[in-house]
Amino acid sequence: MGKLGGFLQIERRGVPYRDAHERARDYREFMVVRPEQELREQGARCMDCGVPFCHNGCPLGNLIPDWNDLVYRDRWREAIVQLHATNNFPDFTGRLCPAPCEAACVLEIREGDAVTIKQIEHAIVERAFAEGWIKAEPPSPRHLSGQRVAVVGSGPAGMAAAQQLRRAGHDVTLFERDEAAGGLVRFGVPDFKIEKRIVERRVQQLVEEGVELRCGVDVGRDLTVQELRESFDAVVLATGSRVPRDLAVPGRELQGVHFAMDYLYQRNRFITRELAAGNALRSPDGALPTGALHSPDGAGSAPTAAAASVASEGEPITAAGKHVVVIGGGDTGADCVGNALREGAASIVQLELLPEPPAHRPDDRTPWPEWPLKYRLSYAMEEAREEGVGEQDYAVTTTRFSGDADGGVAALHVAQAQPRPPFAPVEGTERELPAQLVLLAMGFLHPEQELLDQLGVEKDPRGNVKAVAPYTTSVEGVFAAGDARRGQSLIVWAINEGRQCARMVDRYLAGKRNGRAGVSGAVPEDGALLGHADADEGPEGPPSHVSGGVSVE
Ligand SMILES: Cc1cc2nc3c(=O)[nH]c(=O)nc-3n(C[C@H](O)[C@H](O)[C@H](O)COP(=O)(O)OP(=O)(O)OC[C@H]3O[C@@H](n4cnc5c(N)ncnc54)[C@H](O)[C@@H]3O)c2cc1C
Ligand code: SF4
């Protein structure tokens, strides 16, 4: 365990962010890594609980007390082995995960006192990269199966599935319709949350391990389903949940009303192109010095030529100089606020339909160790308020948009919403907000249906791919993982699903090799190539732990 009684002597020191005023002027990551000594002290606070609730709170079942202790004892190299044992991309989760592990930490019974698990994770993986401990792990020639797997979609679920399957010895092709791999982590989440060089180095690792990456291929259009099924022994659907929820109110057709993802894709591509061209981007109140987008170590983002290519983006969407309204209070909405601020919006209002949550954990609704439904100020709203251009409002419903003479949106008509569905407007509370750009960030309905229908896979009532057995669809040899299966969720879940799904595919292929091709839902019991145990039974269950096949030299 950490230091005996360490939590009584050492105060929690949470994740530091760069100063809000400073960071709102550039696109560099805002998370700061604490000095090593401080991190070791934070690791020392871990009590190595008999029942480590942190571990249960983590969808990946990360071995948290183990690596907290290893960091405390300055054994970083062993810590990365432990970390990789359950998580292929701790560099993604160490930056982006909301950390349900910390909400479940026993020390969090005193609210705000949890072990700083996420920043320790982040520090371990960055130290490991800096030391050169993380290398490609191609399968040994002895373990090659000769079987071919197509993974469709290169978000965190597809990347994790591809890596696990390749390391288990299969020939893996990772298809991606965008010009670069990474899914929402590359094209949805902005650079200031995760610089794209972080995604790119993991993509390179996959390629070095022997995963064939085919970007710019829209499966179902550029490659027919028949070709897909004939060329591969198994298919993993990791296409995400990309159909956005719309707002059916009068005026929706006005120019300047867009889905958030259209804006975020454009912003991410723009930043990548500018970085590739070595350009500095302008901050709201003046020009940034050249290189201001780059990391302190000068590395900056490392976009590939493909990523930097000008993709067809449709109508340009810009927030510069405009009154911007973001409808939706979640991660997507916050990332719109962060981008609009950096573009130099005149004002930014973020609206949420639901009432404002309480400031502290409501014990009657979400007691420890559950994820607390409480108010959290987003990084982006903190910045926007600091700059004096942002505000956030709760329990607001939009009744209509009105336009100007040119057909552009000019105002949003809103009212206070009733606290319960259908969140009807409260009479007498109508008001108008100026709006020249409106971004709809109200969540996602389900995966795009076209490919699923072509394959003929069954869907659940929400339109997600239905798993008739763990990660196994109704069509033989077709599996599903990530948001495509569970609906729009979190990166940590996507990685977990990719890993678990890979295990099911591996077992299915082993059965096939042995002449016992399993039909869906009837994968062979004893055919596992690497002797893996079963995958999770369902989305909510913690994974059973097996080696991720990841080791450090
Ligand atoms: C703006 C935004 C911010 C977010 N921020 C966070 C955060 O901070 N923390 C967090 O934990 N989660 C966050 N999330 C959620 C998280 O990004 C997703 O849950 C996660 O990326 C899902 O991974 P996935 O691999 O299932 O799907 P995705 O990341 O959506 O990847 C699916 C991939 O499949 C590709 N694809 C789809 N159809 C085809 C096809 N027919 N042929 C080829 N390729 C195809 C897509 O182009 C895409 O690259 C955020 C989501 C959004 C939208
Ligand atoms: S619950 Fe908190 S204190 Fe207990 S083992 Fe996990 S991180 Fe350590």
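Only a predicted model underlies this, so the values are computations on that prediction, with no experimental measurement involved.

K.L.:
Can you explain the packing of helix 16 (residues 331–343) against helix 17 (residues 379–386)? Please cite residues and give values.
P.N.:
Two packed helices can be described by the angle between their axes and the distance between those axes. At a minimum axis distance of 8 Å, the contact between helix 16 and helix 17 shows a crossing angle of 35 degrees. By crossing handedness, the relation of helix 16 to helix 17 is classed as left-handed. Contacts from Ala334, Asp335, Val337, Gly338 and Leu341 of helix 16 reach helix 17 at Tyr379, Ala380, Met381, Glu383 and Ala384. Looking at side-chain class alone, the contact of helix 16 with helix 17 contains seven nonpolar, one polar and two charged residues.

K.L.:
Tell me about the sheet that holds strand 10 (residues 347–351), residues and numbers included.
P.N.:
Strand order in the open sheet formed by five strands is 6-15-9-10-11, with parallel pairing between adjacent strands. At either end of the open sheet lies a strand with only one pairing partner, and these are strand 6 (257–259) and strand 11 (390–393). Recorded for the sheet is a direction-independent mean angle of 20 degrees between the axes of neighbouring strands. Sheet analysis places strand 9 (residues 323–327) next to strand 15 (residues 437–440), joined by four bridges and oriented parallel. Pairing of isoleucine 327 across the sheet is with leucine 440, part of strand 15. In the packing of helix 16 onto the sheet, contacts are made with strand 9, strand 10, strand 11 and strand 15, and the angle to strand 10 comes to roughly 175 degrees. Docked against the sheet, helix 17 engages strand 10 and strand 11, running at close to 130 degrees with respect to strand 11.

K.L.:
Quick rundown of the site of ligand 2? Include the residues and the values.
P.N.:
The environment of ligand 2 is formed by 15 residues, the closest being Cys46, Cys49, Cys54, Pro65 and Cys105. Where the shell around ligand 2 is concerned, the elements lending two or more residues are helix 4 (53–57) and helix 5 (64–72). By residue number, the principal contributor to the shell around ligand 2 is helix 5, which donates three residues. Residues that form the shell around ligand 2 fall into these classes: 13 nonpolar, one polar and one charged.

The rules behind each value
Residues numbered from 1 in each chain as written. Chains lettered and ligands numbered in written order. Predicted model: local features only at pLDDT ≥ 70, side-chain atom pairs only at ≥ 80, totals over all residues. Axes fitted to C-alpha atoms, helices over the stretch in contact; angles between N-to-C directions. Helix = DSSP H or I, 4+ residues; strand = E, 2+ residues; numbered from the N terminus. Left-handed = near helix turned anticlockwise from the far one by under 90°. Contact = placed C-beta atoms within 7 Å. Nonpolar A, V, L, I, M, F, W, Y, C, P; charged D, E, K, R; others polar. Pairing = 2+ DSSP bridges. Near = placed C-beta within 6 Å.

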